[in-house]
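As a plain string of letters, each chain reads:
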Amino acid sequence: NFACSFPARYTYIKKNYPVKEYPLKNCIELNKFLSDYDKEKISIAFASEYTNNPSSAFGHTMLILHDNNEDLEVGDVIHFFAHTEEDGFLKYAINGLSGKYDSYYGADKFFKKLYKYNTLQQRYIYVYTLDFSQKDIKLFLFHLYELRKAKFKYYFGTINCAQKISDLLSLIKDPKQKKYNIFSLPIDVIKS
């Protein structure tokens, strides 16, 4: 049960400590999740700022899982978002700054994000393909699987899409490199 529920942690423990071998191929729910997101590449996308919405005033960062031989538009987007309500501006700002909104990792198709950000909101979207091996992508998916039911408190300036996408990427490439500024901005994830 532990290995199936926490495959990234199990992989780490198995690599660093003598533990009983458990074949992850026996984990039905995990393997369905992996097959749903079985892709060759991970790209990071940055949607430019949208001044009509305070939570998007600095842009938005998301990840795209896609294959080499398919259009990027049909790729799967992994993003971090707050579940906000239709509050007035003042209540919206206060709740966003004080962590009153719940937030989650979510998935969608990239063509839906393109339509929303590029077509409806007239925002630029910049996409950069990351240099991840298939082993890196599998470990990334293991981490994402562990977070599929996680709930966080959302803070516009700190615990936001930038910080949570950066956290997810740093688990794969360089966990020691993770450092935070006072504010986490989406453009900072692209720079790092």
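See the structure above.
Residues numbered from 1 in each chain as written. Predicted model: local features only at pLDDT ≥ 70, side-chain atom pairs only at ≥ 80, totals over all residues. Heavy atoms only, no water.

Chemist: Describe the packing of aromatic side chains, listing the residues and the values that go with them.
Modeler: A full pass over the atoms with the stated rule returns 10 aromatic pairs. Arranged with centres 6.4 Å apart and planes meeting at 20 degrees, the rings of F46 and Y126 form a pair that is stacked. Separated by 80 residues along the polypeptide, F46 in strand β1 (residues 41–47) and Y126 in strand β5 (residues 125–129) bring together distant segments of the chain. A relative accessible area of 7% means that F46 is categorised as buried. Y126 gets classed as partly exposed once you look at its relative accessible area, which sits at 37%. Ring pairing ties together the aromatic residues F80, Y105, F152 and Y154, which thus form one cluster. Residue placement shows R148 over the ring face of Y145; its charged tip is 3.7 Å from the ring centre. (Phe/Tyr/Trp six-rings, centres within 6.5 Å; stacked < 30°, edge-to-face > 60°. Helix = DSSP H or I, 4+ residues; strand = E, 2+ residues; numbered from the N terminus. Buried < 20%, exposed > 50% of the residue type's maximum accessible area, 1.4 Å probe, protein only. Lys NZ or Arg CZ within 6 Å of the ring centre and 35° of its normal.)

Chemist: Help me get a handle on the nonpolar core, residues and values and all.
Modeler: Counting residues in each nonpolar core, the largest one holds 36 residues, and the members touching the most others are L63, F140, L141 and L144. In terms of residue count, the dominant contributor to this core is helix α6 (residues 134–146) (six residues). Excluding residues that lie within four positions of it along the chain, F140 makes contacts with I42, L63, L65, L168 and I172. In terms of nonpolar packing, the next biggest core, distinct from the first, is built from nine residues, M62, I64, F110 and Y117 among them. (Core = buried A, V, L, I, M, F, W, Y, C linked by side-chain atoms within 4.5 Å. Contact = heavy atoms within 4.5 Å.)

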